[in-house]
Amino acid sequence: MKYYLIAGEASGDLHASHLMQALKRRDEKAEFRFFGGDLMSAVGGHRVKHYRELAYMGFVPVLLHLPTILRNMKMCKQDISQWRPDVVILVDYPGFNLDIAKYVKAQRICPVYYYISPKIWAWKEYRIKRIKRDVDELFSILPFEVDFFEKKHHYPIHYVGNPTAQEVREFLASMSSESISKKPVIALLAGSRRQEIKDNLPAMIAATAHLTDRYEVVVAGAPSIDTDYYSQFLKDSTARLVMNETYALLAQATAALVTSGTATLETCMFRVPQVVCYETPLPRLIGFLKRYVLSVRYVSLVNLIADREVVRELVAETFSVDNIRKELEAILPGGAQREQMLRDYDEVHQRLGDSQAADCAAKQMIELLNQ
């Protein structure tokens, strides 16, 4: 069968590559064409566009790059029409992907499957109307999404397990003994986009400056960002940058400062105590919106899965160097919150389960397509 996949960022590239591998194991004649990254390219098939050309975040960057975004959408739609796949598989990235879903459905080209569902339970819940209309099958990787989609919105979905949990387990099983540092490590995961890094990394570095006699502070470089971009933040610091070694870094870290996103769950799966740090513009306004407008109480996947505060979230008006420093010290060895956080991580692991997400999703996709 012919599979057309669209992933718009680094985490999507990772998850989509594993799904492609699982599809190949079950379908010897699988052909792939995709918008994605290097990991998907390594599996095989034809890459139409790299996700680096798609990933714009925030109102102003999107506005400035709107012509490029529209050109990419047009190219994607034309490419799908010409290639005529058996299925289009969308991977997160809802702003782009839901528009593609609408087109594919309207043109009656093929079924539309969504792997790693849009997080509409947090923001833009009205998108459920578009999902019901344009998405044939939705595959969820977060257990709490089942109640949201099925009980609240009466839209049946497939929970296939969590690929992050699977990927971390596989990494730990195959990990080498090579060390990132001779000192204990504090890991800084400041996001995968330039704006996130600009907003969060300087405060993270400042909050760890007093610990550099005992710890090495190591920044996890995002695969979509050039090393030169990090230089402006590291030039007056002893923090060190490592590229494309996030899992190796987390496997050795004592604690971490993490920008909200998949990285919070990855850090949990490596059992590294963490503080979630996310600076926002207009912090008081965003703090108000978080309390009274957003549909969820938390921004980190760890807390959302546990349905309570397992890791401290410093967002909007609570984000400051002093607060980051205070919360970090509480999760370092001997800190007041460290052991409790590690115990709470066990509950998160249990809720995610042991399913092989990519294999489970691939099996169900092929069965549905063959019906």
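Quick note: structure is the one above.
Residues numbered from 1 in each chain as written. Predicted model: local features only at pLDDT ≥ 70, side-chain atom pairs only at ≥ 80, totals over all residues. Heavy atoms only, no water.

Quick notes on the pattern of salt bridges
Pairs may arise between side chains of opposite charge once their charged atoms sit close together. All chains considered together, the criterion is met by 22 salt bridges. Among the charged side chains, a salt-bridge network with shared partners connects Arg308, Asp344, Glu347 and Arg351. (Salt bridge = Lys/Arg side-chain N within 4 Å of Asp/Glu carboxyl O.)

Thoughts on the environment of His50
Within the secondary structure, His50 sits in strand S3 (residues 46-50). What makes His50 buried here is its relative accessible area of 5%. Taking the C-alpha atoms as reference, His50 lies 9.0 Å from Ala7; in sequence the two are 43 residues apart. A polar atom in the side chain of His50 sits 3.3 Å from the side chain of Asp38. Within the structure, His50 has its side chain in polar contact with the backbone nitrogen of Arg52 (distance 3.1 Å). (Helix = DSSP H or I, 4+ residues; strand = E, 2+ residues; numbered from the N terminus. Buried < 20%, exposed > 50% of the residue type's maximum accessible area, 1.4 Å probe, protein only. Polar contact = N/O pair within 3.5 Å; in protein donor to acceptor, adjacent residues only side chain to side chain.)

Topic: the sheet that holds strand S10 (residues 240-243)
Ordered in space as S10-S9-S8-S11-S12-S13, the six strands form an open sheet in which the pairing is parallel. This sheet does not close on itself; its edge strands, each paired only once, are S10 and strand S13 (312-315). Strand-to-strand twist across the sheet, computed as the mean angle between neighbouring axes with direction ignored, equals 25°. Summarising the sheet, strand S8 (residues 185-189) and strand S9 (residues 216-221) pair through four bridges and their orientation is parallel. Paired with Ala187 across the two strands is Val218, which belongs to S9. Of the strands in this sheet, S8, S9, strand S11 (253-258) and strand S12 (274-278) touch helix H9 (residues 194-208), which is tilted by about 160° from S8. Packed onto the sheet, helix H10 (residues 227-234) meets S9 and S10 and runs at close to 165° relative to S10. (Pairing = 2+ DSSP bridges. Axes fitted to C-alpha atoms, helices over the stretch in contact; angles between N-to-C directions. Contact = heavy atoms within 4.5 Å.)

Some words on the packing of helix H1 (residues 10-26) against helix H17 (residues 357-370)
As a packed pair, H1 and H17 sit with axes 8 Å apart at the nearest point and diverge in direction by 50°. If you check the angle between H1 and H17, you find them oblique. Crossing of H1 against H17: the hand is right-handed. Only Ala358, Asp359, Ala361, Ala362, Lys363, Met365 and Ile366 of H17 make contact with H1, whose side of the interface consists of His18, Leu19, Ala22, Leu23, Arg25 and Arg26. The class makeup of the residues in the contact of H1 with H17 is eight nonpolar, one polar and four charged. (Parallel < 35°, antiparallel > 145°, perpendicular 65-115°, else oblique. Left-handed = near helix turned anticlockwise from the far one by under 90°. Nonpolar A, V, L, I, M, F, W, Y, C, P; charged D, E, K, R; others polar.)

Observations regarding empty space enclosed by the protein
According to the stated counting rule, one finds one cavity of 30 Å³ or more in the structure shown. Contributing to the lining of the largest cavity are 14 residues, with His15, Ile116, Lys119, Ile141 and Thr262 lying nearest its centre. Among the elements of the structure, H1 and helix H12 (262-269) are those that each provide at least two residues to the lining of the largest cavity. With three residues, H1 is the largest single contributor of residues to the lining of the largest cavity. Tallied by class, residues from the lining of the largest cavity come to six nonpolar, six polar and two charged. (1 Å grid on protein atoms, 1.4 Å probe; cavity = no way out; pocket = protein on both sides within 12 Å on 5 of 7 lines; lining within 4 Å. Points joined across faces, edges and corners; volume = space filled by probe spheres on them.)

Observations regarding the nonpolar core
Nonpolar side chains tend toward joint burial in soluble globular proteins. Formed by 129 residues in total, the largest nonpolar core has its most connected members in Tyr3, Leu5, Ile89 and Tyr115. Examining the composition of this core, we find that seven residues originate from one element, H17, more than from any other. Excluding its chain neighbours within four sequence positions, the residues that come into contact with Tyr3 are Leu23, Asp27, Ala30, Glu31, Phe32, Arg33, Trp83, Val87, Ile89, Ile366 and Leu369. (Core = buried A, V, L, I, M, F, W, Y, C linked by side-chain atoms within 4.5 Å.)

As for the packing of helix H8 (residues 163-174) against H12
Relative to each other, H8 and H12 sit at 45°, their axes nearing to 10 Å. Taken together, H8 and H12 sit at an angle that is classed as oblique. In the packing of H8 onto H12, the handedness of the crossing is right-handed. Contacts from Thr164, Ala165 and Val168 of H8 reach H12 at Thr262, Leu265, Glu266 and Met269. Looking at the contact of H8 with H12 residue by residue, the class counts come to four nonpolar, two polar and one charged.

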